[in-house]
Amino acid sequence: MTPGSDGPPPRRRGRPSRTAGAAGPDARTRILEAARSEFAERGYDKTSVRGIARAAGVDAALVHHYFGTKDEVFAAAIELSFEPALVLPQVLGGPAEDIGERLARYFIGVWENPVSRAPMLAVLRSALTHEAAAKVLRGFVLRRLLERIAAELDVPDPTFRAELAASHMIGIAMLRYVIRAEPLASTDPEKIVAMVAPTLQRYLTDR
């Protein structure tokens, strides 16, 4: 193109092209949903940024633009399942003496929902064999969820309490949803909530 002629300005280097369908207000959502499906189906090791981009119908550069690394996409996909912005007010918004029940009900609810269960299975399985996945699980479940809940309760040793609560709930998830040990795997969720809630209550509030 000759100087002075009309035409689109040169593309800036380092940014993804805004091709039809590849960008726009819903591009980030499409990438997150594709990431959640890919991690759930393939696990952490076999999922790639290119594969996520292909499933979302975007260029891989757009995935990097929104999220950076594969680990960061993974963490964002986990957050999509847990929705911490909604969880914290829900768990902390009622009487302190019932927080164990609210937390147990929320956690079991995430696992009982097939949509959120699939990526969580991928996370849990991957965390057993891949340090990056374990780091994401630690960072999200402990620091972004349980530690914030414990800190709001104004009790001693909130980090230790959060880890105890996490160990209890993740252990249940492993036995019920991954290993599928009976009779836990087929027990009514309400019975699990009723039996687990007092223990979580003690971890988080007992002085």
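Residues numbered from 1 in each chain as written. Predicted model: local features only at pLDDT ≥ 70, side-chain atom pairs only at ≥ 80, totals over all residues. Heavy atoms only, no water.

Draft legend 1. Fine view of helix H3 (residues 60–67). Listing the buried residues of H3 in full gives Ala60, Leu62, Val63 and Phe67. Down the axis, H3 shows its buried residues gathered within 155° of arc, on one side only. Capping the start of H3, aspartate 59 holds a side-chain oxygen 2.7 Å from the backbone nitrogen of alanine 61, two or three residues further along. Backbone geometry just after H3 places glycine 68 at a positive phi near 85°. (Buried < 20%, exposed > 50% of the residue type's maximum accessible area, 1.4 Å probe, protein only. Helix = DSSP H or I, 4+ residues; strand = E, 2+ residues; numbered from the N terminus. Arc of directions from axis to C-beta. Polar contact = N/O pair within 3.5 Å; in protein donor to acceptor, adjacent residues only side chain to side chain.)

Draft legend 2. Spatial organisation of the packing of helix H7 (residues 114–127) against helix H9 (residues 158–178). Following both chains from N to C, one finds H7 and H9 inclined at 110°, their axes separated by 11 Å at the closest point. Between H7 and H9, the interaxial angle falls into the category roughly perpendicular. Touching Arg117, Leu121, Leu124 and Arg125 of H7 are Ile170, Ala173, Met174, Tyr177 and Val178, all from H9. Taken together, the residues of the contact of H7 with H9 sort by class into 7 nonpolar, no polar and 2 charged. (Axes fitted to C-alpha atoms, helices over the stretch in contact; angles between N-to-C directions. Parallel < 35°, antiparallel > 145°, perpendicular 65-115°, else oblique. Contact = heavy atoms within 4.5 Å. Nonpolar A, V, L, I, M, F, W, Y, C, P; charged D, E, K, R; others polar.)

Draft legend 3. A look at the pattern of salt bridges. Under the defined criterion, the tally for this structure stands at 5 salt bridges. In this structure, the salt-bridge partner of glutamate 190 is arginine 105, at a minimum N-O distance of 2.6 Å. Placement of glutamate 190 in helix H10 (residues 189–205) and of arginine 105 in helix H6 (residues 99–112) is noted, with a sequence separation of 85 residues between them. You can call arginine 105 partly exposed: its relative accessible area is 35%. One network of salt bridges, with partners in common, ties together Glu101, Arg105 and Glu190. (Salt bridge = Lys/Arg side-chain N within 4 Å of Asp/Glu carboxyl O.)

Draft legend 4. Representation of the packing of helix H2 (residues 49–56) against H3 within the structure. Orientation of H2 relative to H3, taken along the N-to-C sense of each, is 105°, at an axis distance of 8 Å. The pairing of H2 with H3 is recorded here as roughly perpendicular in orientation. Touching Val49, Arg50 and Ala53 of H2 are Ala60, Val63 and His64, all from H3. The class makeup of the residues in the contact of H2 with H3 is 4 nonpolar, 1 polar and 1 charged.

Draft legend 5. Structural detail: H7. With 14 residues, H7 should reach 20 Å at 1.5 Å per residue; the first-to-last C-alpha distance of 20 Å fits that figure. Of the positions making up H7, those classed as buried are Ser116, Pro119, Met120, Leu121, Ala122, Val123, Leu124, Ser126 and Ala127. (Expected span 1.5 Å × (residues − 1).)

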